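Inside the fold
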Amino acid sequence: MKKFKSIFITVMLAAVPFTFVGCDEDYEIADTLWGVWEGNMYVYSQWNGHTYQSTYSVIQFDRAPNHYDSGTGYWVDYYSGAPWDYFASHIQWVVSNGRIQIYSYEDDSYYYIYDYSLSENHFSGIIESQYGDPMEFYLSKTAAPDWNDYEWGWDYSDDWDWRWTRNATYDNPTRIIGKTDNAGK
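One structure accompanies this document, and this report is about it. (Residues numbered from 1 in each chain as written. Predicted model: local features only at pLDDT ≥ 70, side-chain atom pairs only at ≥ 80, totals over all residues. Heavy atoms only, no water.)

**Here we look at the overall build of the protein chain**
Under the convention used in this document: Each helix is a run of H or I in the DSSP string that is no shorter than four residues. Each strand is a run of E no shorter than two, and both are numbered from the N terminus. Relative accessible area decides the class of each residue, using a 1.4 Å probe on protein chains only: under 20% of the type maximum gives buried, over 50% gives exposed, and in between gives partly exposed. Contacts between residues were defined by any pair of non-hydrogen atoms, one from each residue, lying within 4.5 Å. For accessible areas, the Shrake-Rupley method is used with a probe of radius 1.4 Å. Any residue's cover is judged against the shown protein chains and nothing else.
Secondary structure assignment for the protein chain yields 2 helices and 10 strands. When each of the 185 residues of the protein chain is scored for burial, the buried share is 37%. Counted over contacts in the protein chain with a minimum sequence separation of 6, partners at least 24 positions apart contribute 53%. If you sum the accessible surface of the protein chain, you get close to 11400 Å²; carbon and sulfur atoms cover 51% of it.

Next comes the structure, spelled out in structure tokens:
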């Protein structure tokens, strides 16, 4: 019996690391998201009675320390023909049960990404918000963390890098996910 207990304890101790390192889908998704993605989010903004279609989007997903499935970052939509060149927002994101939720601070809105395909290089799927119809998006990864160049030392102040804010002359355009037939009018 003593030998059986010894073997049982050895097997249990060997299995313990695997119980904590198991395949966590949310962690894998968050790890793949980490980086900069560029492409078309098919968003438009409304301001002063006009609707403007974005031509290009950049989203950066930064992982939070000590949180395996969430983080912060920024989202920039570039426009052609609008009174502003871009609409930028700081974001907070989380992966929960495979669904990606993004909160945009500057437009105080939540966006949800579901039914998507995500690889190390391509990210496409459906995004929706409270403002518009669900739309497809297509992004490619253009930058990823390089652990060899990583600076060890985090600065977690509450101060924002305000260079990403929109042009104050055109305050409060509304970012909208969805179709528009009158973009640029």
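**Digging into the packing of aromatic side chains**
Our working definition: Within 6.5 Å between ring centres, the rings of Phe, Tyr and Trp (the latter by its six-membered ring) count as paired, and their orientation is classed by plane angle as stacked under 30 degrees, edge-to-face over 60, tilted in between.
For the structure shown, the criterion picks out 13 aromatic pairs. Their ring planes at 90° and their centres at 6.3 Å tell us that Trp47 and Trp84 sit as a pair that is edge-to-face. On the criterion of sequence distance, the pair formed by Trp47 in strand S2 (residues 43-47) and Trp84 in the loop between strand S4 (70-79) and strand S5 (86-96) is long-range, its members being 37 residues apart. For Trp84, a relative accessible area of 3% corresponds to the buried category. A centroid spacing of 5.4 Å and a plane angle of 90° characterise the contact between Phe61 and Trp93, whose relative ring orientation is edge-to-face. Of this pair, Phe61 sits in strand S3 (residues 50-63) while Trp93 sits in strand S5; the two residues are 32 residues apart in sequence, bridging distant segments of the chain. Taken together, Trp37, Tyr116, Phe123 and Phe137 form an aromatic cluster joined through their ring pairs.

In short, the description is geometric, and any link to function would need to be established separately.
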